[in-house]
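# Geometric and topological summary
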2 protein chains.
Amino acid sequence: MVGTGLLGASVGLGLTAHGVPVQLADPSRTAVALARDVGAGQPARDDDPEPTLVVVAAPPDVIAQVVAAELAAHPAAVVTDVASVKGHVLAELRAAGIDLRRYVGSHPMAGRERSGPSAAVPDLFVGRPWVIVDPGDADADAVLAVRSLAVDLGAVPVAMAAAEHDAAVAAVSHVPQLAATLVAARLRAAAPAALDLAGQGLRDVTRIAASDPALWTSILAGNAGAVHRELVELRGDLDVVIDALAQAERASGPETVAPGVLAALARTLSAGNAGVARIPGKHGGSQRTYALVSVLVPDTPGSLASLLALIGDAEVNLEDLALEHAAGRPVGIANVSVLPESADRLEQVLTEHGWKVAR
Amino acid sequence: MVGTGLLGASVGLGLTAHGVPVQLADPSRTAVALARDVGAGQPARDDDPEPTLVVVAAPPDVIAQVVAAELAAHPAAVVTDVASVKGHVLAELRAAGIDLRRYVGSHPMAGRERSGPSAAVPDLFVGRPWVIVDPGDADADAVLAVRSLAVDLGAVPVAMAAAEHDAAVAAVSHVPQLAATLVAARLRAAAPAALDLAGQGLRDVTRIAASDPALWTSILAGNAGAVHRELVELRGDLDVVIDALAQAERASGPETVAPGVLAALARTLSAGNAGVARIPGKHGGSQRTYALVSVLVPDTPGSLASLLALIGDAEVNLEDLALEHAAGRPVGIANVSVLPESADRLEQVLTEHGWKVAR
């Protein structure tokens, strides 16, 4: 384990739980000590046996040089990294003329809102996709070793080429991050009264705008090509909306807006409908429709807990739960998703117990 | 009540619950009958007594003409509307030379994912902001009547000028809607394998992209000026990011990227941090920090319910709950937010009962 932050220490914890001996190394001695204390392994020593697999979990901008150093230091070991961009690591290794038979790239799609070894958990990767990038010149054994690592940690291995991976994360992770950031950045200029009108939609869209700027600067710079291509396309779509709104603004009223203008807005909104429908649902692709039961929850200690206990006692399987809070008022709304066939019974049970319910 | 869709019928239901007689009118006779059946009031008849307050809940593009007609038809009544844009309604009424002493605009910040009278609930407005727009020439009695309507329905009245309201909803509602739409629209071109890497961040950012295109076309066209201004600013910020990424792409590696380029990305990401921090938290402005306890939940019937029942039994007050689902795997993660002082006890109770917990 080279690098004992959140990801590195979580890999160490997971492997230790499987009885695999883990050697920990990190430029920060505090990080190594913390990782050891949470049970991620033992600090590496000069008289350790040679490792068979080296996992590099360093910041994206130093990954390539650390991978190269580990390949040289451990001539029999397979080396992988867990950086969230893959193309530029590979390009740097190739540019340095490194033999890549023992290198396989990884990207476990896992993370937490907290960072550092103290936030590490052995289950971090359970059920998550773990992208495996064979540069093309890796030995079959090396690919298998990294694949086994993913499986041992409970992740789902997904083989991808580096460029394919980088385009994918640009679309599903890096562009959404930037969209959240740009919308949130505009709020700096908003009046306080405007922010009091904020609803759940704004909170959802901007939640990830709270991400770490240093980490994300490094991720975006590392995937600059793919993110740039996506953003240029998005700007084209944005320009269509801006042009349509400029025309609508010039019209004296809705009935004098050229029909093509409204059609352009409607087309964009429909394209959004079509895109969001492609995101796989809970069960991996098959989006299931649940019935939504909305319950008014007073903001007093224990009231949400007692609602949830009641739902549990009713033996209704809660498929999803979203809480809405209203600014400045002692009440919230719990939107409970259940199987359609359970909704009537849940509503009946809740109403009988005095909860205000809406469907 | 003129217009008996979701909002109109919900107003009717709430007033009926207060013992106020409600007359229902809508161009759709089915909508009137449905609204009556859910208890929102009685269909208007020619021999009804004159109403004292007329609430217009029509689609945004016909609001002004309906308001004008109601002012003329009921010469003693106060008339309000609940459209989500206010400036263009007012401009149209002024352009038509209408006397506005009995007109006050409203915008209750409430809605549901479902629409129509059958989705109406009397508690729809409880705890929500209700913007009240006095055009400047309204009688004090008229403003008070509309304010009382909001209070009677449990909402929090917020006085704003029309332009101030329209700028506010552009920033906190219309621009976030378009950002979600544009990110989601790009997903149409993504490879299926890319979508399998989607995480909670993408789901949050794009959730509202599933909104009704016809309704939103009308909202955006009605607030074209304010939304246009916001989007042009956002495009300027986007261009900074696009330029920085283009420069980063041309550099041969992270160390050859000009320092100013990375600083531009970091500044944008930090601006997003600052913006999202301005969104009021649950208790109206004071953002409280909760401790996050993550629990692994097998996707089998009853498992989430039994987790929630256990949390309820432990008498820990659950402040928020977010579920993460992993595509194609029979396991999910429940992120439970509790007061920091309750986190240790919750973790202990859950662990004792065999749940896998991470902090």
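Residues numbered from 1 in each chain as written. Chains lettered and ligands numbered in written order. Predicted model: local features only at pLDDT ≥ 70, side-chain atom pairs only at ≥ 80, totals over all residues. Heavy atoms only, no water.

### Some thoughts on the interface of chain A and chain B
Taken together, the contact between chain A and chain B spans 134 residues of the former and 134 residues of the latter. Buried surface at the junction of chain A and chain B, summed over both partners, amounts to about 11700 Å²; 67% is from carbon and sulfur atoms. For the pair chain A and chain B, the interface holds 10 salt bridges. Residue Glu233 of chain B pairs with Arg186 of chain A through a salt bridge whose shortest N-O separation is 3.8 Å. The tally of links from chain A across to chain B stands at 20 residue pairs in polar contact (both at pLDDT 80 or more). Among the elements that line the side of chain A that touches chain B, the one with the most residues is helix H10 (residues 224-250) of chain A, at 20 residues. Within the side of chain A that touches chain B, the residues separate by chemical class into 77 nonpolar, 28 polar and 29 charged. (Contact = heavy atoms within 4.5 Å. Buried area = accessible area lost by both parts, 1.4 Å probe. Salt bridge = Lys/Arg side-chain N within 4 Å of Asp/Glu carboxyl O. Polar contact = N/O pair within 3.5 Å; in protein donor to acceptor, adjacent residues only side chain to side chain. Helix = DSSP H or I, 4+ residues; strand = E, 2+ residues; numbered from the N terminus. Nonpolar A, V, L, I, M, F, W, Y, C, P; charged D, E, K, R; others polar.)

### So, the packing of helix H11 (residues 259-277) of chain A against helix H6 (residues 162-186) of chain B
For the pair H11 of chain A and H6 of chain B, the least separation of the axes is 7 Å and the interaxial angle reads 60°. With respect to H6 of chain B, the axis of H11 of chain A lies oblique. As for how H11 of chain A packs across H6 of chain B, the hand of that crossing is left-handed. Along the contact surface, H11 of chain A presents Thr268, Leu269, Ala271, Gly272, Gly275 and Val276 of chain A, while H6 of chain B presents Gln177, Thr181, Leu182, Ala184 and Ala185 of chain B. Of the residues in the contact of H11 of chain A with H6 of chain B, the class split is six nonpolar, five polar and no charged. (Axes fitted to C-alpha atoms, helices over the stretch in contact; angles between N-to-C directions. Parallel < 35°, antiparallel > 145°, perpendicular 65-115°, else oblique. Left-handed = near helix turned anticlockwise from the far one by under 90°.)

### Notes on helix H5 (residues 140-152) of chain A
Residues and elements named next belong to chain A. With 13 residues, H5 should reach 18 Å at 1.5 Å per residue; the first-to-last C-alpha distance of 18 Å fits that figure. Taken together, the buried positions of H5 are occupied by Ala142, Val143, Val146, Leu149 and Ala150. Summarising the axial view, the buried residues of H5 lie within an arc of 120°, below the 170-degree limit, and thus occupy one face. Turned more than 90 degrees off the buried face of H5, the exposed positions are Ala140, Asp141 and Leu144. As for H5, its buried residues are in contact with helix H1 (6-17), strand E3 (53-56), strand E4 (78-81), strand E5 (103-108), strand E6 (129-133) and strand E7 (156-159). Positive phi shows up at Gly154, right after H5, with a value of about 85°. (Expected span 1.5 Å × (residues − 1). Buried < 20%, exposed > 50% of the residue type's maximum accessible area, 1.4 Å probe, protein only. Arc of directions from axis to C-beta.)

### Observations regarding the sheet that holds E5 of chain A
All names here are of chain A. Read from one edge of the open sheet, five strands run E3-E4-E5-E6-E7, paired in mixed fashion. Each of the sheet's edge strands pairs with one partner strand only, and the pair in question is E3 and E7. Neighbour-to-neighbour, the strand axes of this sheet turn through a mean angle of 25°, independent of strand direction. The pairing of E5 with E6 spans four bridges and is classified as antiparallel. Looking at the pairing, Gly105 lines up with Val133 of E6. (Pairing = 2+ DSSP bridges.)

### So, the confidence of the model for chain A
Residues and elements named next belong to chain A. Here chain A shows a mean pLDDT of 88. Residues at 70 or above account for 92%. Confidence over residues 282-288 falls short of pLDDT 50; this stretch has 19 contacts with residues more than four positions distant or in other chains. Scored as a complex, the prediction yields pTM 0.79 and ipTM 0.78. (pLDDT = per-residue confidence, 0-100.)

### Here we look at the nonpolar core
Counting residues in hydrophobic clusters, the biggest one holds 132 residues, and the most contacted among them are Val56 and Leu231 of chain A together with Leu231 of chain B. Other than its neighbours up to four places away in sequence, Leu231 of chain A contacts Val175 and Leu178 of chain A together with Leu238, Val241, Ile242 and Leu245 of chain B. By size, the runner-up hydrophobic cluster in this structure holds 42 residues, among which are Leu304, Leu307, Val316 and Leu350 of chain B. (Core = buried A, V, L, I, M, F, W, Y, C linked by side-chain atoms within 4.5 Å.)

### A look at the layout of surface pockets
Residue and element names in this part refer to chain B. The volume enclosed by the second largest pocket comes to roughly 670 Å³. Lining the second largest pocket are 28 residues, and of these Pro21, Gln23, Pro51, Thr52 and Leu53 lie nearest its centre. Examining the composition of the lining of the second largest pocket, we find that four residues originate from one element, helix H5 (residues 140-152), more than from any other. Looking at side-chain class alone, the lining of the second largest pocket contains 17 nonpolar, five polar and six charged residues. (1 Å grid on protein atoms, 1.4 Å probe; cavity = no way out; pocket = protein on both sides within 12 Å on 5 of 7 lines; lining within 4 Å. Points joined across faces, edges and corners; volume = space filled by probe spheres on them.)

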